[in-house]
4 protein chains.
Amino acid sequence: MEAVAASGATVAFLALPHGAAADYTVSLLDKGLRVIDLSADFRLHDASIYEEFYGAPHPAPHLLAESVYGLPEIHRDAIRDARLVASPGCYPTSILLPLIPLLREGLVDPDTIVANSMSGVSGAGRKADLLLLFAECNESLRAYGLPRHRHLSEIEQELSLAAGDQVVITFVPHLVPVNNGICTTTSATLTGELEAVEQALRSIYENSVFVRLLGRGTCPDSKNVTRSNFIDIGWHHDPRTGRLLLLSAEDNLGKGAASQAVQSFNVLCGLDESAGLVAV
Amino acid sequence: MEAVAASGATVAFLALPHGAAADYTVSLLDKGLRVIDLSADFRLHDASIYEEFYGAPHPAPHLLAESVYGLPEIHRDAIRDARLVASPGCYPTSILLPLIPLLREGLVDPDTIVANSMSGVSGAGRKADLLLLFAECNESLRAYGLPRHRHLSEIEQELSLAAGDQVVITFVPHLVPVNNGICTTTSATLTGELEAVEQALRSIYENSVFVRLLGRGTCPDSKNVTRSNFIDIGWHHDPRTGRLLLLSAEDNLGKGAASQAVQSFNVLCGLDESAGLVAV
Amino acid sequence: MEAVAASGATVAFLALPHGAAADYTVSLLDKGLRVIDLSADFRLHDASIYEEFYGAPHPAPHLLAESVYGLPEIHRDAIRDARLVASPGCYPTSILLPLIPLLREGLVDPDTIVANSMSGVSGAGRKADLLLLFAECNESLRAYGLPRHRHLSEIEQELSLAAGDQVVITFVPHLVPVNNGICTTTSATLTGELEAVEQALRSIYENSVFVRLLGRGTCPDSKNVTRSNFIDIGWHHDPRTGRLLLLSAEDNLGKGAASQAVQSFNVLCGLDESAGLVAV
Amino acid sequence: MEAVAASGATVAFLALPHGAAADYTVSLLDKGLRVIDLSADFRLHDASIYEEFYGAPHPAPHLLAESVYGLPEIHRDAIRDARLVASPGCYPTSILLPLIPLLREGLVDPDTIVANSMSGVSGAGRKADLLLLFAECNESLRAYGLPRHRHLSEIEQELSLAAGDQVVITFVPHLVPVNNGICTTTSATLTGELEAVEQALRSIYENSVFVRLLGRGTCPDSKNVTRSNFIDIGWHHDPRTGRLLLLSAEDNLGKGAASQAVQSFNVLCGLDESAGLVAV
């Protein structure tokens with residue numbers, strides 16, 4: 001930290017395991033740097049929810065109020081002025097970007113949200129774990145982390161902010177044999193007009209180069225976004241059930257992690273939002 | 001058909017494309033044989049629903065009333081006496097076996113059912129289609145067939161029979177890069193007691209060697225059932241949302257197709273239900 | 001061991017790590033049992049070569065003279081009467097079966113043999129090793145174990161026996177992203193007639209149900225032999241270089257390991273050689 | 001072609017199927033443009049060898065003498081001044097770059113060369129072919145194209161140029177289940193000093209940013225070069241057999257195709273050789 005502070009840098013990137021990041025963040029902020037943290041340490045504003053989901057008291061609760069959840073398309077202005085940005089998790093990004101515009105406009109019933117995600121194996125990190133061996137993951141499809149994956153906490157925090165009310169959802173992550181990629185299908189009862197869905201999405205994302213709205217009736221494919229910061233979004237309406245289907249695809253290591261943090265860095269530093277990122 | 005009839009056989013297996021199977025079935029029945037049809041031609045009892053989902057009038061509607069939907073664990077007695085068995089589709093099997101016992105007992109709200117499935121590429125058949133090339137499917141995750149996959153028709157028929165009322169559900173199939181395997185996650189609002197869920201499942205499947213109830217809190221893995229006639233089932237309850245999660249895994253070409261037809265053959269012929277099938 | 005001996009069994013199967021098997025083998029033989037050992041402990045007849053390749057003195061050198069190398073197609077008579085069978089390694093099986101008949105007949109130049117093998121990841125065993133993680137093996141192709149893989153010792157022992165002279169070869173194993181399967185391409189300068197190659201192979205394997213000679217001009221595919229005890233063999237002649245190409249495919253866990261040990265068990269017990277094994 | 005010529009461009013890139021490229025090339029050259037052709041049409045200098053390997057007379061034999069084989073590390077000066085560059089095939093690049101320096105220095109015996117390659121499925125192109133379906137390629141390992149793959153013609157042309165004598169080699173391509181990547185293992189009898197091998201490689205490639213010499217005793221991994229223009233090279237010596245092993249890894253669509261053509265474009269246009277290419 002001394003070295004970072006002495007280097008003249010004004011922004012630090014932290015890619016540390018959950019828990020370890022908090023100590024560094026405190027020190028770096030004390031030295032006057034701004035911090036973008038890729039861990040889960042500062043994503044929640046409520047220390048009690050942190051303790052509920054992560055099983056230990058928060059190590060630096062005084063920072064939770066000012067920490068900004070680093071979804072640039074949603075919190076761009078706050079990121080610009082932030083001292084501390086908490087970059088989102090991979091699953092949350094894929095669920096929040098399609099849903100937030102609709103909850104803000106009251107277009108879906110927040111009590112009916114079901115999100116199913118499939119993730120590539122790199123999402124589990126690089127650790128010597130029997131469950132992550134090639135022969136265990138290849139030709140294997142399985143849900144895990146039920147019924148309360150840690151990411152639910154940040155998902156529900158941001159959905160509640162958008163809806164203006166407490167939202168709880170069903171979220172089922174699955175492990176599938178690809179290296180990179182998340183494909184998420186979220187559904188909820190449509191309470192507004194179908195046309196308003198498209199308007200809500202387009203109006204929020206029209207200037208967001210990394211959110212590609214493929215349109216109604218489309219199914220995004222994770223291979224079209226891997227190794228990029230793009231998230232592709234499609235949607236369908238099923239008049240038989242009255243439910244709206246939201247489909248999204250991103251790279252869990254890209255828009256779901258590293259390149260989204262770069263995007264936040266660009267916003268925070270006043271650079272072009274796509275500086276250093278593939279944007280065509 | 002002449003040859004089959006002359007051979008002295010009394011049961012014919014048909015693995016023909018949709019549409020083509022009906023002609024053969026009519027002829028074979030006329031010659032006094034019993035038929036197990038693996039196509040979708042005789043799964044629906046209502047010719048108008050067939051036409052709605054398959055886009056053409058049914059070629060032999062007079063047979064729809066007597067055709068038995070070939071889920072042995074559900075329709076065992078009817079299969080035993082059937083002239084015509086319509087073996088179920090792969091997705092339907094994975095959705096119906098966990099849900100039917102609960103709908104019969106009124107344990108979940110039929111208006112809240114959301115089923116998400118992932119299937120291996122063999123489910124699409126062996127045809128020279130660019131979308132099925134290795135380089136298109138490998139490292140790719142995508143939904144398809146929305147919002148009304150053809151299998152919905154038989155799923156909803158059987159769920160409605162179990163519930164005693166018309167049921168419509170949300171069903172989202174996804175294509176994932178494995179050869180074999182289906183992993184399905186179905187959720188619905190729990191309206192009964194959680195203990196009753198387990199009782200309902202165990203009471204229906206206690207003598208069904210191919211349905212393995214892994215128990216509450218478990219997540220089946222498709223690789224444990226591929227190349228077999230087993231379906232593994234687990235479940236979870238999320239008290240935060242009030243939803244019950246049902247997880248199932250099967251081989252789309254096994255319990256979801258060929259070996260399930262063999263199981264029906266065994267029932268129909270009065271053989272041991274697991275004759276010729278791996279059952280340990 | 002007491003339990004095994006007391007059980008009335010007369011044959012013991014050992015699937016233990018290299019080194020550990022020797023102790024058990026000695027005890028079991030002392031108690032009058034016959035042993036089929038799947039480890040590498042008793043494959044070599046020369047203790048000094050064992051020490052050279054395995055880096056430690058052999059723990060029971062007095063047994064090396066009587067141990068029979070468990071390739072049933074090559075050592076069937078010796079296996080029938082053996083007290084101790086050392087079941088071959090996966091790579092050796094794929095190299096030896098095509099080559100031995102040709103070396104016996106002097107049809108290829110033993111100084112020019114180059115064997116290249118590709119193996120699925122299960123060949124490395126189930127251990128928590130970073131190099132075996134899904135994300136490390138998927139989309140990855142790499143040689144390893146150069147220039148002197150341990151299996152070279154048993155390969156060269158058996159080739160030398162067939163040639164009647166000391167043979168050393170070039171052997172390059174590669175790790176590729178499949179669960180099961182070995183595909184080996186061996187080439188050597190043809191010194192006899194091409195027709196004699198086919199005769200030599202057919203005459204040795206005509207009654208061997210598990211060796212399928214696909215014929216000249218064919219390329220075996222590992223997926224046709226996985227989960228079986230078959231090895232498929234094809235061959236090509238390149239008149240431009242004068243080299244003969246021998247191609248073989250097997251399941252590294254089947255003919256390359258477990259099911260081959262079962263085959264030896266059948267021979268040793270006087271059972272039908274394919275008892276308990278898929279043979280059609 | 002009119003449009004290209006009228007556009008003011010001076011260089012045309014052709015990525016057309018074999019055969020189709022020749023017509024365009026002739027027209028574009030006639031209009032005064034320089035051409036980089038990614039097809040196999042102009043890789044051979046001898047029209048009779050073209051006819052032998054491609055089964056038809058060459059459509060524009062008068063251009064074969066001036067066409068430059070587009071391996072920038074080997075033919076950099078000729079590319080700089082060329083009107084017509086024929087960009088190499090994927091397999092040839094992986095075999096030629098390790099071998100050419102050694103043949104020039106007479107360090108290996110050209111009569112003993114055996115090259116074994118594994119290629120990802122994208123190498124076969126994007127065509128609706130049953131053999132390329134996911135379920136046919138996944139969990140499958142197989143050689144193909146034996147004994148005389150078309151690429152042998154250009155491989156042997158360039159090796160012969162390097163050796164100063166006619167060279168024929170054994171080349172065995174294999175199809176393995178990855179999207180991208182080629183891993184090639186070439187061996188030959190070492191006739192010079194082992195130290196001279198390293199010197200020969202380093203002296204030719206010391207200023208070639210895209211050829212990374214990993215050093216003696218290393219095994220390149222294709223995943224380290226996919227989506228780049230790098231080729232990684234390692235080597236081993238086996239004193240038991242006297243053979244040298246050369247291992248190389250590249251992206252069949254990168255250094256083996258598209259990005260190598262960009263590299264040639266840079267040379268031809270006098271740009272920095274790595275302009276537009278990842279080079280760190």
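How each quantity is defined
Throughout, a residue's number is its position along its own chain's written sequence, starting from 1. Both sets of labels track the order of writing: A upward for chains, 1 upward for ligands. For a predicted model such as this one, the threshold for reporting local features is a pLDDT of at least 70, and the threshold for listing and counting side-chain atom pairs is 80 or more; totals across whole chains, interfaces and linings nevertheless cover every residue. The basis for the side-chain values is all heavy atoms of the structure; hydrogens and waters are excluded. Copies overlap after least-squares fitting; the atoms used are the C-alpha atoms of residues with pLDDT of at least 70 in both. Contacts are assigned to residue pairs that have any heavy atoms within 4.5 Å of one another. Think of it this way: DSSP has to see at least two bridges between two strands before they count as a pair. Only runs of H or I of at least four residues qualify as helices and only runs of E of at least two qualify as strands under DSSP, and these elements are numbered from the N terminus. By convention, a crossover is right-handed whenever its connection, traced from the first strand over the helix to the second and viewed with the strands pointing away, goes clockwise. Disulfides are defined as cysteine sulfur pairs within 2.5 Å. In this scheme, a residue with accessible area under 20% of its type's maximum is buried, one over 50% is exposed, and one in between is partly exposed, where area comes from a 1.4 Å probe on protein chains only. The rule for a salt bridge is simple: a side-chain nitrogen of Lys or Arg has to be within 4 Å of a carboxyl oxygen of Asp or Glu. Cavity means a closed set of points on a 1 Å grid over the protein atoms alone, one where a 1.4 Å probe fits but cannot get out, pocket means an open set with protein on both sides within 12 Å along at least 5 of 7 lines, and lining means a residue has an atom within 4 Å of a point. Grid points are joined across faces, edges and corners, and a volume is the space filled by probe spheres set on the points. Nonpolar residues are Ala, Val, Leu, Ile, Met, Phe, Trp, Tyr, Cys and Pro. Charged residues are Asp, Glu, Lys and Arg, and all others, Gly as well, are polar. Accessible area, probed at 1.4 Å, shrinks when two parts are joined; the buried area is that loss added up over both. Under the rule applied, a polar contact is a pair of N or O atoms within 3.5 Å (in protein, one hydrogen donor and one hydrogen acceptor; residues adjacent in sequence only if both atoms are side-chain atoms). Here pLDDT means the predictor's own confidence in every residue, given as a number from 0 to 100. The pairing test for Phe, Tyr and Trp rings, Trp by its six-membered ring, is centres within 6.5 Å, and the orientation test on the planes gives stacked under 30 degrees, edge-to-face over 60, and tilted for anything in between. When the NZ atom of lysine or the CZ atom of arginine is within 6 Å of a ring's centre and also within 35 degrees of its normal, the charge is said to sit over that ring. Note that the arc is computed from the directions linking the helix axis to the C-beta atoms. Each nonpolar core is a collection of buried residues, namely Ala, Val, Leu, Ile, Met, Phe, Trp, Tyr and Cys, held together in the definition by side-chain atoms within 4.5 Å. In a helix, the anticipated span is given by 1.5 Å times the number of residues less one.

> Mind laying out the relation of the copies chain D and chain C, listing which residues take part and the relevant values?
Superposing chain D onto chain C takes a rotation of 180° plus a shift of 0.0 Å along the axis, which leaves an RMSD of 0.0 Å. The transformation relating the two chain copies, once decomposed into turn and shift, fits a two-fold axis. Most of the interface of chain D is mirrored in chain C: 100% of its interface residues are interface residues there too.

> Give a detailed account of the pairing of strand S1 (residues 11-14) of chain D, specifying residues and quantitative values.
Residue and element names in this part refer to chain D. Bridge count for S1 against strand S2 (residues 34-37) is four bridges, and the pairing is parallel. Each bridged residue has a counterpart across the sheet, and for Phe-13 the counterpart in S2 is Ile-36. Since S1 and S2 lie parallel, the crossover through helix H2 (residues 20-30) that links them has a hand, and here it is right-handed.

> Tell me what's going on with the state of the cysteines, and back it up with residues and numbers.
Residues and elements named next belong to chain C. Enumeration over the complete set of coordinates arrives at zero disulfides over all chains. Cys-90 carries a free sulfur, and the closest cysteine sulfur to it, the one in Cys-183, is 13 Å from it. Of the cysteine sulfurs around Cys-183, a residue in no disulfide, the closest is that of Cys-219, at 8.4 Å. Cys-183 gets classed as buried once you look at its relative accessible area, which sits at 2%.

> Can you tell me about the sheet that holds strand S11 (residues 243-250) of chain B, naming the residues and giving the values?
All names here are of chain B. In spatial order, the strands read S6-S7-S5-S8-S11-S10-S9; together these seven strands make up an open sheet with mixed pairing. Only two strands of the sheet have a single neighbouring strand rather than two, namely strand S6 (142-143) and strand S9 (211-216). As paired strands, S9 and strand S10 (residues 231-238) are joined by five bridges and run parallel to one another. Each bridged residue has a counterpart across the sheet, and for Gly-215 the counterpart in S10 is Gly-234.

> Got a sec to walk through the pattern of salt bridges? Specific residues and values, please.
Per the stated rule, a full pass over the model turns up 56 salt bridges over all chains. Salt-bridge contacts for Glu156(A) lead to Arg240(B); the nearest nitrogen and oxygen are separated by 2.1 Å. You can see Glu156(A) sitting in helix H7 (residues 151-163) and its partner Arg240(B) sitting in the loop between S10 and S11, one on each of two chains. The class for Arg240(B) is partly exposed, based on a relative accessible area of 25%.

> Can you lay out empty space enclosed by the protein for me, pointing to particular residues and giving the numbers?
This model, assessed by the stated rule, comprises three cavities of 30 Å³ or more. Roughly 100 Å³ of volume is contained in the largest cavity. If you go around the largest cavity, the residues you meet are Phe134(A), Asn138(A), Pro177(A), Phe134(B), Asn138(B), Pro177(B), Phe134(C), Asn138(C), Pro177(C), Phe134(D), Asn138(D) and Pro177(D). Considering only residue class, the lining of the largest cavity consists of eight nonpolar, four polar and no charged.

> Quick rundown of the interface of chain D and chain C? Include the residues and the values.
The figure often quoted for interface size is the accessible area lost as the parts come together. At the interface, 44 residues of chain D touch 44 residues of chain C. Between chain D and chain C, a total of about 3700 Å² is buried, with carbon and sulfur atoms accounting for 60% of that surface. Counting the surface chain D buries against chain C, the share from its top three residues, Glu139(D), Leu141(D) and Arg240(D), is 21%. Where chain D meets chain C, there are 14 residue pairs in polar contact (both at pLDDT 80 or more). At the level of secondary structure, the elements contributing two or more residues to the side of chain D that touches chain C comprise strand S5 (114-119), helix H6 (134-137), strand S6 (142-143), helix H7 (151-163), strand S7 (170-175), strand S8 (182-189), strand S10 (231-238) and strand S11 (243-250) of chain D. Here the side of chain D that touches chain C is composed, by residue class, of 21 nonpolar, 13 polar and 10 charged.

> Account for the confidence of the model for chain A, naming residues and giving values.
Considering every residue of chain A, the mean pLDDT works out to 95; 98% of them sit at 70 or more. Our summary of model confidence lists the complex with pTM equal to 0.95 and ipTM equal to 0.95.

> An account of unusual backbone geometry is needed here, citing residue identities and associated values.
For residues that are not glycine, phi is negative in most cases, and the peptide bond is trans in most cases. In this structure, Pro147(A) follows Leu146(A) across a cis peptide bond, with omega equal to -5°. Tracing the sequence through the fold places Pro147(A) in the loop between strand S6 (142-143) and H7. In the Ramachandran plot, Arg227(D) falls in the positive-phi region, its phi being about 60° despite a non-glycine side chain. The topology assignment puts Arg227(D) in the loop between strand S9 (211-216) and S10.

> Tell me about the pairing of strand S10 (residues 231-238) of chain C, and name the residues and values.
Of all eight residues in S10(C), seven are buried; the element is thus mostly enclosed. Counted between consecutive antiparallel strands, the loop separating S10(C) from strand S11 (residues 243-250) of chain C contains four residues, among which Gly242(C) sits at a positive phi close to 75°.

> Which residues make up the packing of aromatic side chains, and what are the values?
Overall, the coordinates contain 18 aromatic pairs over all chains when judged by the stated rule. Relative to Phe171(B), the ring of Tyr91(B) lies with its centre 5.2 Å away and its plane at 65°, an arrangement referred to as edge-to-face. Residue Tyr91(B) is found in helix H5 (residues 90-104), and its partner Phe171(B) is found in strand S7 (residues 170-175); the two are separated by 80 residues along the sequence. The buried category is assigned to Phe171(B), whose relative accessible area is 1%. Against the face of Phe230(C) rests Arg212(C), its NZ or CZ located 4.0 Å from the ring centre. Sitting above the plane of the Phe53(D) ring, Arg148(D) keeps its charged end 4.6 Å from the centroid.

> Please give an account of helix H3 (residues 47-54) of chain C that cites residues and values.
Residue and element names in this part refer to chain C. Among the residues of H3, those classed as buried are Tyr-50, Phe-53 and Tyr-54. Buried residues of H3 fall within an arc of 80° about the axis and therefore sit on the same side. Elements in contact with the buried residues of H3: helix H7 (151-163). Looking one or two residues beyond H3, the residue adopting positive phi is Gly-55, at roughly 75°.

> I'd love a proper account of the nonpolar core, names of residues and values included.
Residues and elements named next belong to chain D. Counting 44 residues, the largest nonpolar core has Leu-97, Leu-102, Leu-159, Ile-169, Phe-171, Val-197 and Leu-244 as the members making the most contacts within it. Among the elements of the structure, helix H3 (47-54), helix H5 (90-104), H7, S8, helix H8 (194-205), S9, S10 and S11 are those that each provide at least two residues to this core. The element best represented in this core is H5, accounting for nine residues. Setting aside chain neighbours within four positions, we find Leu-97 in contact with Leu-71, Glu-73, Ile-74, Leu-201, Tyr-205, Val-211, Ile-231, Ile-233 and Lys-255.

> Any chance you could break down helix H8 (residues 194-205) of chain A for me, citing the residues and the numbers?
Residues and elements named next belong to chain A. Look at H8: 17 Å from first C-alpha to last across 12 residues, which is about the 16 Å you get at 1.5 Å a residue. Among all positions of H8, only Leu-194, Val-197, Ala-200, Leu-201 and Tyr-205 are buried. Looking down the long axis of H8, one finds its buried residues gathered within 115° of arc, a one-sided arrangement. Those residues of H8 hidden inside the fold are in contact with helix H4 (72-80), helix H5 (90-104), strand S9 (211-216), strand S10 (231-238) and strand S11 (243-250).

> Explain the interface of chain B and chain A to me, and be specific about the residues and the numbers.
Contacts between chain B and chain A engage 44 residues on the former and 44 residues on the latter. Across the chain B to chain A interface the summed buried area is about 3700 Å²; carbon plus sulfur atoms make up 60%. It is Glu139(B), Leu141(B) and Arg240(B) that lose the most area in chain B upon contact with chain A, and together they represent 21% of the buried surface on that side. Scanning the region where chain B abuts chain A turns up six salt bridges. For Arg142(B), the salt bridge is made with Asp221(A), and the minimal N-O distance between the two is 3.1 Å. Taken together, chain B and chain A are joined by 16 residue pairs in polar contact (both at pLDDT 80 or more). Every element with two or more residues in the side of chain B that touches chain A is listed here: strand S5 (114-119), helix H6 (134-137), S6, helix H7 (151-163), S7, strand S8 (182-189), S10 and S11 of chain B. Of the residues assigned to the side of chain B that touches chain A, the class counts are 21 nonpolar, 13 polar and 10 charged.

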